[in-house]
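Next come the chains, spelled out residue by residue.
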Amino acid sequence: MLAPAIPQSVPVDPIALRRAFGTFLTGVTIITTHDAEGRPRGMTANSFSSVSLDPPLLLVCVGKGASSFEAFNRADSFAVNLLDAGQTELSNLFASKSADKFATVSHDRIHTGAPVLSACMTWFDCTVHNRIDAGDHIILLGEVQAFGTSPSAPLGFCRGRYAAVKDPLPPDWLASSGMINGYLIEAEGNLLLSADGRGGWTLPSTPRRIVDGKLELAGAGSVALVPDDTFLYSVFDVSDGDPGYLIYRARLAQDAGGLALPEGFRFYPLEDLPFDDIPVREIRTVLKRYVRESANRRFGIFVASSDGGRLAMVDEAQPWAQVPQL
Ligand SMILES: Cc1cc2nc3c(=O)[nH]c(=O)nc-3n(C[C@H](O)[C@H](O)[C@H](O)COP(=O)(O)O)c2cc1C
């Protein structure tokens, strides 16, 4: 009688294994922390996973060969920044061995002090819950202390390449998610308006505040704004169940004439705004006030309230004071 076949342990080919692991479609994150000298450190990582809601835990795996490994191995806190579809260059930068990855990347301290990237889709600010030795990596378990998210499309990664995730949000997501950021963008007496998709006009808006002075135009490019020159202008809710609006005023950093605007965006002269085609009453009111106030360049801030609202004039003769980061 033949002896039963004994399964032989075949050494796993690491290159084939890496390729097989790589068929799992993931998002892309940048994990960040500080090293012993207090310098921000970070690397691209797609080994992220949510772990637990109670307590709120997540994990990432950090390679022992990474130059930032020591920083992650000894840190008390770290952040996970999930990238959006437009951040492949940032992903490449943080996957490189560049000596100063943060030189051109703005970041904030939010809760633990770990660097949270100012521009990303979603961030988690974590204290280290546990570190587990796992072969050529460590598993870093983080307890989420603070987080933030935005509705931008995520950056995907599969088989060693970036992958696009199409239309990740239902069309009414924005309406159910809270405030809309609208922008009054003026250039040489003209104001930028955006088609509302129903034959009318509205203000260009974004689901999150602009970063690095660039306003994304509904996924069709962006316009550059004068840095540090964006001011809150109006805060209101629309009574018919739409979300609330935060309206900012800003100035175009480039010449409006030389700007190739995507379809659905147009500059209108301030004295010739298409009020009849602006269906949201509150937006019309904001625009009328803007036209009025821009005549003598003195602007107010309006905050709606149950009895109508409050308007405070902002005296721009007073210089803005820099305040330290929280
Ligand atoms: C999409 C992508 C995902 C990655 N995921 C991880 C990961 O989960 N863990 C890891 O240790 N390295 C990962 N890397 C590799 C690191 O980003 C890379 O080794 C980087 O150079 C590390 O930076 P450092 O050496 O400056 O620390 C990934 C790279 C890419 C492009």
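About the cut-offs
Residues numbered from 1 in each chain as written. Predicted model: local features only at pLDDT ≥ 70, side-chain atom pairs only at ≥ 80, totals over all residues. Heavy atoms only, no water. Helix = DSSP H or I, 4+ residues; strand = E, 2+ residues; numbered from the N terminus. Buried < 20%, exposed > 50% of the residue type's maximum accessible area, 1.4 Å probe, protein only. Contact = heavy atoms within 4.5 Å. Pairing = 2+ DSSP bridges. Axes fitted to C-alpha atoms, helices over the stretch in contact; angles between N-to-C directions. Polar contact = N/O pair within 3.5 Å; in protein donor to acceptor, adjacent residues only side chain to side chain. Near = heavy atom within 4 Å. Areas by Shrake-Rupley, 256 points an atom, 1.4 Å probe, with all protein chains shown as cover. Salt bridge = Lys/Arg side-chain N within 4 Å of Asp/Glu carboxyl O. Core = buried A, V, L, I, M, F, W, Y, C linked by side-chain atoms within 4.5 Å.

### A word on the overall build of the protein
- If you tally the helices and strands in the protein, you get five helices and 23 strands.
- Classification of the 326 residues of the protein by burial places 39% in the buried group.
- Long-range contacts, defined as pairs at least 24 residues apart, comprise 62% of the intrachain contacts of the protein with a sequence gap of at least 6.

### Details of the sheet that holds strand β5 (residues 57–63)
- Overall, antiparallel pairing links the seven strands, which are arranged β3-β2-β6-β9-β10-β5-β4 in an open sheet. Two strands bound the open sheet, and with one partner strand each, they are β3 (40–45) and β4 (49–52). Within this sheet the neighbouring strands show an average axis-to-axis angle of 35 degrees, counted without direction.
- Pairing between strand β9 (residues 122–134) and strand β10 (residues 137–149): 12 bridges, direction antiparallel. Within the sheet, the bridge partner assigned to Asp133 lies in β10 and is Ile138.

### Quick look at the side chain of Ser294
- Following the sequence through the fold, Ser294 ends up in helix α5 (residues 281–294).
- At 3.0 Å, the side chain of Ser294 and the backbone oxygen of Val291 are in polar contact.
- In this structure Ser294 touches Glu186, Leu270 and Phe299, once residues within four positions along its chain are discounted.

### Focus: the site of the ligand
- Taken together, 18 residues sit near the ligand, with Ser47, Gly63, Ser67, Ser68 and Lys97 positioned nearest.
- In this structure, Gly63 approaches the ligand through a main-chain N or O atom, which is 2.7 Å from an oxygen atom.
- Within the side chain of Lys97, one N or O atom sits 2.4 Å away from an oxygen atom of the ligand.
- If the ligand stood free it would expose 640 Å²; the protein chains cover 82% of that surface.

### Considerations on the sheet that holds strand β1 (residues 26–27)
- Pairing is antiparallel across the open sheet formed by three strands, whose spatial order is β1-β11-β12. Each of the sheet's edge strands pairs with one partner strand only, and the pair in question is β1 and β12 (161–164).
- Two strands pair when backbone bridges link them, and strand β11 (residues 155–158) and β12 are joined in this way by four bridges, in the antiparallel orientation. Looking at β12, one finds that Leu155 is bridged to Ala164.

### Describing the pattern of salt bridges
- Inspection of the entire model under this criterion finds six salt bridges.
- Note that Arg39 is salt-bridged to Asp35, the shortest N-O span being 3.0 Å.
- Measuring nitrogen to oxygen at the nearest pair gives 3.6 Å for the salt bridge that ties Asp35 to Arg41.
- For Asp35, a relative accessible area of 8% corresponds to the buried category.

### Things to note about the side chain of Thr202
- Within the fold, Thr202 resides in strand β15 (residues 201–202).
- When near neighbours in sequence (up to four residues on either side) are disregarded, Thr202 contacts Leu193, Ser194, Asp196 and Ile283.

### Comments concerning the nonpolar core
- In this structure, Leu184, Leu193, Ile247, Ile283 and Leu287 are the most contacted members of the largest nonpolar core, which totals 20 residues.
- Elements with a minimum of two residues in this core: β13 (180–187), β14 (190–195), β19 (231–236), β20 (245–251) and α5.
- Of all the elements, α5 adds the most residues to this core, at four residues.
- With sequence-adjacent residues up to four places away left out, Leu287 is seen in contact with Leu184, Leu191, Leu193, Leu203, Leu273, Phe275 and Ile278.
- In terms of nonpolar packing, the next biggest core, distinct from the first, is built from 17 residues, Phe72, Phe78, Ile138 and Leu140 among them.

### Description of the pairing of β14
- The pairing of β13 with β14 spans two bridges and is antiparallel. Along β14, the bridge assignment pairs Ala187 with Asn190.
- Hairpin connection between β13 and β14: a loop of two residues separates the two successive antiparallel strands, and Glu188 in this loop has a positive phi of roughly 45 degrees.
- In terms of strand pairing, β14 meets β15 through two bridges, oriented antiparallel. Across the sheet, the residue bridging to Ser194 is Thr202, located in β15.
- Taken together, β14 and the strand that follows it, β15, pair antiparallel across an intervening segment of five residues, in which Gly197 is found at a positive phi of about 80 degrees.

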